[in-house]
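# Coordinate analysis (summary)
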Amino acid sequence: MVTGVGITDTIKSLNDLRVRCNLRQADDDRFFSEWVDDLPELDEREQAGVTRIKQRYDYHRGDGLLLEGTINLLVVSPLLELAGFLDPPFRIRSPYGVGLELDDPEETIRGFIDTLVVQEQLWILVIESKRTSIPVPAALPQLLAYMLASPQRGSPAFGMATNGDEFVFLKLSQGDSPEYDVSRTFSLFPRRHELSEVLRILKQLGQAVVVAWHS
């Protein structure tokens, strides 16, 4: 009998994915160049939006760690609007049910991701409130597991994980031996924050998704 197991109950580390899904980290610096090369510049409206997000974040962050709903309201949703993801040609799906097929025919991992999926190629995960104080990289195995279950296997998939304080991006290329790579961590917490870079990367990834979608 085939068993169904929750992704968050089964995938605890990157090693779990390496063993179960034949996943490996790319060793080519050019594999995930989208978060580094030729990032689009921000116009005055976008830069003003970034400043407004930071001001609101500072105001509410002063009371303590932010809960998941607050992070979505104050940071993620305004970022997606500035990046243009709420308008055509983008479509957002949330929540999203996924099933991850493993080599073992007797086991299927299934999950219910309460996050945003843009064009089924850009996955945005907000770490649940009880884990807000945990560094964002701790959530990457879960995000990669969801991305591995994506029905769009012919084109690379991208992801962003955030806890409100930090942001990390990743890229996944599927195949017989799927590969991934991860960006550095970007921070919203300090006065000299990096939210502008986060928005520029989101816009870049959005463009990559549109190009892949039309190809």
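Here the structure is a predicted model, which means the values were calculated and not measured. Residue positions are given per chain, counted from 1 along the sequence in the order it is written. Two thresholds apply to this predicted model, a pLDDT of at least 70 for residue-level local features and 80 or more for giving and counting side-chain atom pairs, whereas whole-chain, interface and lining totals are computed over all residues. Hydrogen atoms and water are omitted, and side-chain values are computed over all heavy atoms in the structure.

### Here we look at the overall build of the protein
Scanning the protein from terminus to terminus reveals 6 helices and 11 strands. Residue burial is assigned from relative accessible area. The probe radius is 1.4 Å, only protein chains are included, and a residue is buried under 20% of its type maximum, exposed over 50%, and partly exposed in between. Taken over 215 residues, the protein has a buried fraction of 50%. We call two residues in contact when some of their heavy atoms are within 4.5 Å. When contacts within the protein are restricted to residue pairs at least 6 apart in sequence, those whose partners lie at least 24 apart make up 67%. Each helix is a run of DSSP H or I of at least 4 residues and each strand a run of E of at least 2, with the numbering of both proceeding from the N terminus.

### Concerning the packing of aromatic side chains
Pairing of aromatic rings covers Phe, Tyr and Trp, the last counted by its six-membered ring, and requires centre-to-centre distances within 6.5 Å; plane angles under 30 degrees mean stacked, over 60 mean edge-to-face, and any other angle means tilted. Evaluation of the coordinates by the stated rule reveals 4 aromatic pairs. For the ring pair Trp35 and Phe186, a centre distance of 6.0 Å and an interplane angle of 85 degrees mean the geometry is edge-to-face. You can see Trp35 sitting in the loop between β2 (24–25) and α3 (44–61) and its partner Phe186 sitting in strand β11 (residues 186–187), a full 151 residues away along the chain. Arranged with centres 4.8 Å apart and planes meeting at 65 degrees, the rings of Phe85 and Phe90 form a pair that is edge-to-face. This pair shows no difference in class: Phe85 is buried, exactly as Phe90 is. One aromatic cluster in this structure is built from Trp35, Phe169 and Phe186. Comment: the charge-over-ring label is applied if NZ (Lys) or CZ (Arg) is within 6 Å of the ring centre and within 35 degrees of the ring normal. Lying across the ring of Phe31, Lys171 places its NZ or CZ 5.1 Å from the centre.

### Digging into the nonpolar core
It is characteristic of soluble globular proteins that their nonpolar side chains tend to be buried jointly. Membership of the largest hydrophobic core comes to 38 residues, with the highest contact counts inside it found for Leu79, Phe167, Phe169 and Val198. Listing elements by their share of this core, those giving two or more residues are α3, α4 (68–82), β7 (122–126), β8 (157–162), β9 (166–173) and α6 (195–214). With 8 residues, α6 is the single largest residue contributor to this core. Discounting residues that sit within four places of it in the chain, Phe167 has contacts with Val75, Leu79, Met160, Ala161, Thr162, Arg184, Thr185, Phe186, Leu188, Leu195 and Val198. Here, nonpolar core refers to any group of buried Ala, Val, Leu, Ile, Met, Phe, Trp, Tyr and Cys residues whose side-chain atoms link them within 4.5 Å. Listed in part, the 22 residues of the second largest apolar core include Tyr146, Val168, Leu172 and Tyr180.

### A closer look at the pattern of salt bridges
By definition here, a salt bridge exists when the distance from a side-chain nitrogen of Lys or Arg to a carboxyl oxygen of Asp or Glu is within 4 Å. Counted according to the given criterion, the structure contains 10 salt bridges. The salt bridge partner of Glu41 is Arg200, with a shortest N-O separation of 3.2 Å. A residue pair is termed long-range when its members are at least 10 positions apart, and Glu41 in the loop between β2 and α3 and Arg200 in helix α6 qualify at 159 residues. The exposure class assigned to Arg200 is buried, which follows from its relative accessible area of 15%. What you see here is one network of salt bridges that share partners, running through Glu41, Glu197 and Arg200.

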